[in-house]
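Structural overview
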Amino acid sequence: MDILTVLPSNFGYAIFTYLYSWIMLGYLAVKVGGARKKFDVKYPTMYSDTHQVFNCIQRAHQNTLEVYAQWLVFQTIAALVYPLSAAVLGAIWVTSRFSYAWGYYTGDPSKRMYGAYGYIGFFGVIFLSISVALQLLGVY
């Protein structure tokens, strides 16, 4: 079976969203690496006792990784039936992670909320996934 005949024609947009998320994760990882050098925080130390800004940079990356697997699952389920909507919602979520991180990088943890609009994308793909599940169960 050819995968291109199984996936919706617009699934390519979802794939581009995955690629965008890969760029975002790489960016966050590079920022942590740079902060490790700048603040002299050696591996495997996760957090600094003396550098709050390092902790904020590290936390922005770690928090993104904590929710990334969940987002991938729901993003994929949603994109199988609603590829364009899922891609838009996914792009909102990924973009919000940059805003979240840039706010956190200030050293003021409350500024991470600059990325709160990402909940639109995150919960959006969850709701679309619920819709897919209900359709598969024949509920509607």
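Residues numbered from 1 in each chain as written. Predicted model: local features only at pLDDT ≥ 70, side-chain atom pairs only at ≥ 80, totals over all residues. Heavy atoms only, no water.

So, about unusual backbone geometry. Between Tyr43 and the following residue, Pro44, the backbone shows a cis peptide bond with an omega angle of 5 degrees. Its identity is not glycine, yet Asp40 carries a phi of approximately 55 degrees, on the positive side. Here Asp40 is to be found in the loop between helix H2 (11–39) and helix H3 (52–81). Residue classification places Asp40 among the exposed residues on the basis of a relative accessible area of 52%. (Helix = DSSP H or I, 4+ residues; strand = E, 2+ residues; numbered from the N terminus. Buried < 20%, exposed > 50% of the residue type's maximum accessible area, 1.4 Å probe, protein only.)

On to the packing of helix H4 (residues 83–104) against helix H5 (residues 118–136). For any two helices packed against each other, one specifies the crossing angle of their axes together with the interaxial distance. Direction vectors running N to C along H4 and H5 enclose 145 degrees, while the axes themselves pass 7 Å from each other. Crossing angle aside, the handedness with which H4 passes H5 is left-handed. In this structure, H4 contributes Ser85, Ala86, Leu89, Ile92, Trp93 and Ser96 to the contact, and H5 contributes Gly118, Ile120, Gly121, Phe122, Gly124, Val125 and Leu128. The class makeup of the residues in the contact of H4 with H5 is eight nonpolar, five polar and no charged. (Axes fitted to C-alpha atoms, helices over the stretch in contact; angles between N-to-C directions. Left-handed = near helix turned anticlockwise from the far one by under 90°. Contact = heavy atoms within 4.5 Å. Nonpolar A, V, L, I, M, F, W, Y, C, P; charged D, E, K, R; others polar.)

In this structure's numbering, the residues bearing the UniProt feature "transmembrane region" (unreviewed entry) are residues 12–30, 71–94 and 114–137. In residues 12–30, helix accounts for 100% and strand for 0%; the two terminal C-alpha atoms are 27 Å from one another. The span residues 71–94 is 96% helical and 0% strand by assignment, and the distance between its end C-alpha atoms comes to 10 Å. (UniProt positions renumbered as here; feature names shortened; annotations may be inferred.)

What follows is about the side chain of Ser96. Along the polypeptide, Ser96 turns up in helix H4. Discounting chain neighbours no more than four positions away, the residues touching Ser96 are Gly115, Tyr117 and Gly118.

Below, the discussion takes up the packing of aromatic side chains. Where two aromatic rings form a pair, the distance of their centres and the angle of their planes describe that pair. Tallied over the full model, the rule gives twelve aromatic pairs. In textbook terms, an aromatic cluster arises when at least three aromatic residues are bridged by ring pairs, as seen for Tyr18, Tyr68, Trp71, Trp93, Tyr119, Phe122 and Phe123. Directly above the aromatic system of Tyr100 lies the positively charged group of Arg97, at a separation of 4.1 Å from the ring centroid. If you follow Arg112 out to its NZ or CZ, it ends over the ring of Tyr104, 5.9 Å from the centre. (Phe/Tyr/Trp six-rings, centres within 6.5 Å; stacked < 30°, edge-to-face > 60°. Lys NZ or Arg CZ within 6 Å of the ring centre and 35° of its normal.)

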